[in-house]
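Chains, contacts and geometry: an overview
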Amino acid sequence: MATPAPAFVGAPAASLSAATLGRSCGWAPPPRHGLAWGGRSFHGIPLSTPLASGRTTAAATAAAAAAAAAAAAAAAGSAPSASSPRMAAATGAAAGAAAPVNTDASARQTLERALSGLALKKRITLLGSTGSIGTQTLDIVAACPDAFSIVGLAAGGNVDLLVKQAVQFRPAIVAIRDASKYEALRTALADAGVTCEVVAGEEGVVAVAAYGDADVVVTGIVGVAGLQPTLAAIRAGKDIALANKETLIAGGPVVLPLLKEHGVTMTPADSEHSAIFQCLQGAPADSLSKVILTASGGAFRDWEAADLEKVQLSDALKHPNWSMGAKITIDSATMMNKGLEVIEAHYLFGASYDDIDIVVHPQSIVHSMVEMADTSVIAQLGWPDMRLPLLYAIAWPARVSMPYERLDLVKVGALTFRAPDHAKYPCIELAYAAGRLGGSATSVINAANEAAVELFRQEKVHYLAIPKLIEATLDAHRADWLATPSLDDIVALDSHARTVVNGFVEAGQYLK
C-alpha cells in the first residue's frame, strides 16, 4: 500500500510559456474617465425585520455596526439576550468591505491598475481545478494564453482529469486532496512527461494556495474545506478570486481583518456578487445605498406554498434556468442560496442587512443591481454564463474581449421582477436573522443547511424539514454563540452544527 505523501514531494517545475498554449485574446483596460415565518423570532430577532424608515449609505451603516462590534466585544463572547437584538452582523461591516469598493483607497487602486499601461498578464493558482469553477476557469486561460498562465492546480480526487490539465497548462505545483491517490498522480504525471512538484492531503492543498509567484488564487473548493487554503493564500499576499461562498459566510469574521492586514484584494467570481462589483466600479465612497440581489426563484418558483408538502426529491432538482449540481439546485429551490448570498454581500460590500434586498427575476438576465445615494439604479445584464464573472474576477480591472454570445434584449423580450414569497421560502428570513446576529451564527447556518440538504438528498427527511432543522440548530447554538470566533472555533462549530442536525433526525424530530 502506498504511503501518503508529505506536504512537499517532487522536482522543480519547468517554466510555463503562455505563448505555447494556443491563440491569444484581445483585452482593453477600463475607460479612463419581510414577512415573519409564522410570527416566530430567533434570539429575539424577528424573522422579518422591517426596513429602516430612512435609507443610509453603506459607510454610515458600517459605522453603526462598528459600535455594535464594540458592544459585542464587551459581551466577552456571550450571546445577545432576546431584549437586545443585534441589527447588523458587527464583525463584517465594522471591518469594511472585502471587495475593493466604497472607499477612496479602493477607487485609487482600481484606477492605478487600469492606467498602469502594462499588458494584462496574470499568474493564476486554481483550487478545485477539476470542478465546474475550475474547468471553466481553465477554458478562459486556454483561450487567453497571452493574458493568463497557471502556477498551481489543486483537485480533490480526480487524478485523470488533473493529469490532463497539468499536461496542457504545465503548472509548477500540483496537489491532490485525497492523499491515497498521491502515488497514482505522481506516476501518471511522470508518464505524461510533466515535471512539477506533487503534493497531497489538506496540507498539500494549502501549500499550493501559498506557492510561488501567483498573482491571484481562484478558490473553487466547495465547502469549509476551502477556508484554510484561502487563508494561506491571503497570508502569502495573493489576491483572491472568490468562488467559495463559505470563505465569507462561515469565515468572514476571520477573513476580513486578514485581508486588511496583508493588503490583499478579493474579487467575487459568482454571478450575483460579480454583478454588484461591476456596478460599483467608479462609484465614489459613501455612494452605495442598497444592494439588490436577483433570484431565479428555483424549482418551486411557480408552485403555491401549500403544495410544497407534495414535493419529491426529483422536483427539487429541476431548476428552470440553470444546470447545476444537486446541492446548489436544492439551495436554489429553498432560496437558501440567496439568503447565504445576502450574508456574503454584507461581507463583500460592507452593506447593512437592512440595505440588501432580494427580488425574484425569472429570466436570470439581470444578475443583480445597486441603488446609489441619488436613487439611481445600476444593473449588470448578460446571458446566464458563469464564465463572465470568472473572467472579470481574474482580469479585474481589465476588460477582455471574448467570443461569447452577445446579449440581445429584443430576443429576451421581457424582464420581470417580483418579491419573494416568504411563506414559500422561510430560509431567506433565517439567513437574515443569522446575519444580523453575526459572529459564529453564519457559520452555523451554513453547516446546518448543508447537513439538512444532504439528509433530504438521502430522502431521510422531507423537503419542508430543511428550514425547520436549520432553525432548530440555530436556536441550539445560542449557548455557544461567539461574537468574534477564531478559525478553530469556526471549524469546530461547523462540525458541531452538522452533528446537531443529524441528532435531531436520529431522534425522530423535524422529519417533515
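So, here's what we can say about the structure. These numbers come from a predicted model, not from an experiment.

When you go through the chain residue by residue, the secondary structure sums to 20 helices and 16 strands. For the chain, buried positions account for 56% of its 512 residues. When the accessible area of the chain is evaluated, it comes to approximately 20100 Å², of which 54% is carbon and sulfur surface.

It is worth spelling out the packing of helix 4 (residues 132–143) against helix 5 (residues 159–169) at this point. Orientation of helix 4 relative to helix 5, taken along the N-to-C sense of each, is 15°, at an axis distance of 12 Å. Here helix 4 is positioned roughly parallel relative to helix 5, judged by the angle of their axes. For helix 4 against helix 5, the interelement crossing comes out left-handed. Along the contact surface, helix 4 presents Thr135, Leu138, Val141 and Ala142, while helix 5 presents Leu161, Gln165, Gln168 and Phe169.

With that out of the way, let us pick up the environment of Leu390. By the element assignment, Leu390 lies in helix 15 (residues 387–395). Residue contacts for Leu390: discarding those within four places in its chain leaves Ile133, Gln136, Thr137, Ile140 and Ala269.

Listing the buried residues of helix 3 (residues 104–114) in full gives Ser106, Thr110 and Ala114. Down the axis of helix 3, the smallest arc covering the buried residues is 70°, so these residues share one side. Every exposed residue of helix 3 that faces more than 90 degrees away from the buried side is listed here: Arg108 and Glu112.

What follows covers unusual backbone geometry. Trp396 connects to Pro397 through a cis peptide bond whose omega is 5°. Relative to the assigned elements, Pro397 resides in the loop between helix 15 and strand 16 (399–400). With phi around 60°, Glu459 is a residue other than glycine that occupies positive phi space. Positionally, Glu459 belongs in the loop between helix 18 (441–457) and helix 19 (465–476). Given the relative accessible area of 60%, Glu459 is considered exposed. Phi at Tyr510 takes a positive value of approximately 55°, unusual for a residue other than glycine. By secondary structure assignment, the location of Tyr510 is in the segment after helix 20 (487–506).

It is worth spelling out the pairing of strand 12 (residues 288–295) at this point. Of all 8 residues making up strand 12, 8 are buried, and the element is well covered by its neighbours. As judged from the 5 bridges shared by strand 12 and strand 14 (residues 366–372), these two strands associate in the antiparallel manner. In the strand pairing of strand 14, Leu293 is matched with Ser368. Bridge count for strand 12 against strand 13 (residues 356–360) is 5 bridges, and the pairing is parallel. The residue of strand 13 that forms the bridge with Thr294 is Val359.

Another aspect to go through is the sheet that holds strand 13. If you trace the 4 strands from one edge of the open sheet to the other, you get 13-12-14-15, paired in mixed fashion. In this open sheet, the two strands that pair with only one neighbour each are strand 13 and strand 15 (377–381). Averaged over neighbouring strand pairs, the angle between their axes works out to 20° when direction is ignored.

Attention now goes to empty space enclosed by the protein. Considered as a void within the structure, the largest cavity measures approximately 60 Å³ in volume. Every residue lining the largest cavity is counted, 12 residues in all, and those nearest its centre are Ser271, His367, Gln380, Asp385 and Pro389. Those elements giving two or more residues to the lining of the largest cavity turn out to be helix 11 (271–279) and helix 15. When residues of the lining of the largest cavity are assigned to their parent elements, the largest contribution, 3 residues, is made by helix 11. For the lining of the largest cavity, the per-class residue count stands at 6 nonpolar, 5 polar and 1 charged.

Further remarks concern the side chain of Lys290. Along the chain, Lys290 falls in strand 12. Of the polar contacts made by the side chain of Lys290, one reaches the side chain of Asp357; its length is 3.4 Å.

The next thing to look at is the packing of aromatic side chains. For the structure on display, the rule yields 7 aromatic pairs. The interplanar angle of 75° and the centroid separation of 5.0 Å between the aromatic rings of Phe300 and Tyr463 together place this pair among those described as edge-to-face. Linking Phe300 in the loop between strand 12 and helix 12 (313–316) with Tyr463 in the loop between helix 18 and helix 19, this pair joins segments that are 163 residues apart in sequence. Assigned by exposure class, Phe300 and Tyr463 land together as buried. With 5.8 Å between their ring centres and 65° between their planes, Phe456 and Tyr463 make a pair best called edge-to-face. Clustering of aromatic rings is evident, with ring pairs tying together Phe300, Trp303, Phe456 and Tyr463.

Viewed as axis vectors pointing N to C, helix 18 and helix 19 meet at an angle of 145°, and their least axial separation amounts to 9 Å. For helix 18 against helix 19, the interelement crossing comes out right-handed. Contacts between helix 18 and helix 19 involve Ala441, Val444, Ile445, Ala448, Asn449, Ala452, Val453, Leu455 and Phe456 from the first element and Ile466, Leu469, Ile470, Thr473 and Leu474 from the second.

Enumeration according to the criterion identifies 22 salt bridges in this entry. Taking the shortest distance from any N to any O, the salt bridge between Lys245 and Glu341 comes out at 3.3 Å. Here Glu341 lies in helix 14 (residues 336–349) and Lys245 lies in the loop between strand 10 (239–242) and helix 9 (246–249), a separation of 96 residues in the sequence. Residue classification places Glu341 among the buried positions, given a relative accessible area of 3%. Taking the shortest distance from any N to any O, the salt bridge between Lys338 and Glu341 comes out at 2.8 Å. Of the two residues, Lys338 and Glu341 both sit in helix 14, 3 residues apart, roughly one turn of that helix. Judged on exposure class, the residue Lys338 and its partner Glu341 are both buried. Each member of the salt-bridge network shares a partner with another, and the members are Lys245, Asp270, Glu272, Lys338, Glu341 and Glu344.

Basis of the calculations
- Residues numbered from 1 in each chain as written.
- Predicted model: local features only at pLDDT ≥ 70, side-chain atom pairs only at ≥ 80, totals over all residues.
- Heavy atoms only, no water.
- Helix = DSSP H or I, 4+ residues; strand = E, 2+ residues; numbered from the N terminus.
- Buried < 20%, exposed > 50% of the residue type's maximum accessible area, 1.4 Å probe, protein only.
- Areas by Shrake-Rupley, 256 points an atom, 1.4 Å probe, with all protein chains shown as cover.
- Axes fitted to C-alpha atoms, helices over the stretch in contact; angles between N-to-C directions.
- Parallel < 35°, antiparallel > 145°, perpendicular 65-115°, else oblique.
- Left-handed = near helix turned anticlockwise from the far one by under 90°.
- Contact = heavy atoms within 4.5 Å.
- Arc of directions from axis to C-beta.
- Pairing = 2+ DSSP bridges.
- 1 Å grid on protein atoms, 1.4 Å probe; cavity = no way out; pocket = protein on both sides within 12 Å on 5 of 7 lines; lining within 4 Å.
- Points joined across faces, edges and corners; volume = space filled by probe spheres on them.
- Nonpolar A, V, L, I, M, F, W, Y, C, P; charged D, E, K, R; others polar.
- Polar contact = N/O pair within 3.5 Å; in protein donor to acceptor, adjacent residues only side chain to side chain.
- Phe/Tyr/Trp six-rings, centres within 6.5 Å; stacked < 30°, edge-to-face > 60°.
- Salt bridge = Lys/Arg side-chain N within 4 Å of Asp/Glu carboxyl O.

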